[in-house]
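Survey of secondary and tertiary structure
What follows is each chain in one-letter form.
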Amino acid sequence: MFADFYTHQLHTIVMVVSASIFFIVSICGSYAFIFKTPGAIKSYRFRFLYINSAYQLNIFFLGFFGRLELKFRKLLNCADCVCAELSGLVQLVDRRMAYVELFAIIYGLVSIVNAVFLTTLHRCFLICHPQSLYTSSPRWQIITGTAVSLCSGTVIVAIEIMSFIPYDEVIRVPLDQFIWFQGSQTTRGDALVICFQHKQFFVVFMVTLVIYFLVLMLLCYIFILRIVWKMRANLAIASKKTIEMQRALTITLLVSVTLPVAVGGVPLLLCVFAFLNRVEHIEIFFRLLFLASTWLGLLNIVATILLVEPYRNALLPCLGGKKKVRTVPKIIQKMNVIREKDK
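Thresholds applied
Residues numbered from 1 in each chain as written. Predicted model: local features only at pLDDT ≥ 70, side-chain atom pairs only at ≥ 80, totals over all residues. Heavy atoms only, no water. Helix = DSSP H or I, 4+ residues; strand = E, 2+ residues; numbered from the N terminus. Buried < 20%, exposed > 50% of the residue type's maximum accessible area, 1.4 Å probe, protein only. Contact = heavy atoms within 4.5 Å. Areas by Shrake-Rupley, 256 points an atom, 1.4 Å probe, with all protein chains shown as cover. Salt bridge = Lys/Arg side-chain N within 4 Å of Asp/Glu carboxyl O. Axes fitted to C-alpha atoms, helices over the stretch in contact; angles between N-to-C directions. Parallel < 35°, antiparallel > 145°, perpendicular 65-115°, else oblique. Left-handed = near helix turned anticlockwise from the far one by under 90°. Nonpolar A, V, L, I, M, F, W, Y, C, P; charged D, E, K, R; others polar. UniProt positions renumbered as here; feature names shortened; annotations may be inferred. pLDDT = per-residue confidence, 0-100.

1. A few points about the overall build of the protein
Looking only at helices and strands, the protein has 12 helices and 4 strands in total. Within the protein, the proportion of its 343 residues that are buried is 48%. The long-range fraction of contacts in the protein, counting pairs at least 24 apart against all pairs at least 6 apart in sequence, stands at 74%. Surface summary for the protein: the accessible area is close to 18,200 Å², and the carbon and sulfur share equals 67%.

Next up, the structure:
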């Protein structure tokens with residue numbers, strides 16, 4: 001059985017190794033975004049950094065700070081409790097940091113989707129509406145990005161907080177009616193465990209999260225279709241280098257949108273289905289979701305580096321790859337020198 005194979009110990013090893021690989025690659029990517037972005041696409045420097053930073057935030061909490069598992073447990077007078085077990089750096093700090101862990105994971109997931117959406121929106125305005133107020137005013141770009149990021153993240157995290165509060169007093173414990181365990185026999189070692197009674201409002205939170213992701217991803221695909229349609233008309237007289245650069249940026253955006261849908265969307269829907277139907281060994285579904293989130297960040301940064309030529313030329317030689325050398329101009333130059341000598 002897969003649940004017996006993919007144990008907690010194996011999941012911990014895989015998550016730590018995957019997160020470590022991601023941070024090594026993402027640091028290289030951040031260096032390329034900051035120092036190797038050419039002037040022609042400098043407006044995308046912050047956008048790529050934003051996407052990369054959103055993945056870094058989420059993967060740090062999932063891989064290092066507090067590896068999370070969700071389980072159904074029967075505790076005291078609560079026959080339908082959901083327990084979140086956290087192990088990692090969170091065990092070395094104040095136990096209230098577990099609250100930060102739970103909220104930061106959700107905020108990180110929302111930030112990833114927001115970053116991809118805002119990058120697609122930014123490119124859509126640059127290509128389709130070059131004379132708009134958003135395109136001409138960096139201040140409006142900052143206001144729009146800040147409003148979308150903070151408002152959506154705050155609202156969804158607020159719904160998450162409200163979904164954690166029981167509506168009755170089945171469990172009478174301090175700390176806002178949460179149950180805390182440290183070193184308990186019901187946990188592995190000294191892992192921190194937060195248990196809360198499963199209420200209908202928590203289902204509202206999960207459904208809201210899924211709908212928000214689907215709506216933003218759908219808007220991203222609509223924006224990309226508009227970008228492609230507009231580029232076919234505007235780039236007819238552009239140079240070959242410009243066409244290649246714009247095409248690479250569009251493909252990069254398409255990959256950035258498709259990866260969360262393909263790699264992260266399917267495990268997320270499976271987790272929602274398993275949670276609502278009380279599937280046995282529900283922790284396996286969430287382990288796969290968290291692992292997919294880690295590899296999603298790695299695939300995104302690798303795809304960006306490989307698809308955008310300035311980043312590819314800057315980093316591949318450092319990894320042992322050979323930089324593409326144009327030999328034809330050198331041959332022509334030598335032929336001209338020989339002709340001048342003959343004269």
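2. Comments concerning the pattern of salt bridges
In the structure shown here, the tally under the stated rule is 1 salt bridge. Across the pair Arg287 and Glu69 runs a salt bridge whose closest N-O atoms are separated by 2.6 Å. In this pair, Arg287 sits in helix H10 (residues 282-307) while Glu69 sits in strand E1 (residues 67-75), placing the two residues 218 residues apart along the sequence. Assessed through its relative accessible area of 5%, Arg287 is described here as buried. In this structure Glu69 comes out as buried when scored by relative accessible area, which is 1%.

3. Some points on the packing of helix H3 (residues 45-65) against helix H4 (residues 97-128)
It is the contact of H3 with H4, at a shortest axis distance of 8 Å, that shows an interaxial angle of 155°. As far as their axial angle goes, H4 and H3 are roughly antiparallel. The handedness of the crossing between H3 and H4 comes out as left-handed. Its residues assigned to classes, the contact of H3 with H4 shows 17 nonpolar, 6 polar and 2 charged.

4. Brief notes about the UniProt feature "transmembrane region" (unreviewed entry) in the protein
According to UniProt, the positions carrying the feature "transmembrane region" (unreviewed entry) are residues 12-34, 46-66, 102-121, 142-165, 201-228, 249-276 and 288-308. Taken end to end, residues 12-34 is 100% helix and 0% strand, and its two terminal C-alpha atoms sit 32 Å from one another. Taken as a whole, residues 288-308 contains 95% helix and 0% strand, while its terminal C-alpha atoms sit 30 Å from one another.

5. Re the confidence of the model for the protein
Overall, the predicted model of the protein reaches an average pLDDT of 79, with 79% of residues at or above 70. Here residues 166-189 is a poorly scored stretch, pLDDT under 50, and it has 55 contacts once near neighbours within four places are set aside; other chains count. Predicted confidence for residues 325-332 stays below pLDDT 50, and this span has 1 contact to residues more than four positions away or in other chains.

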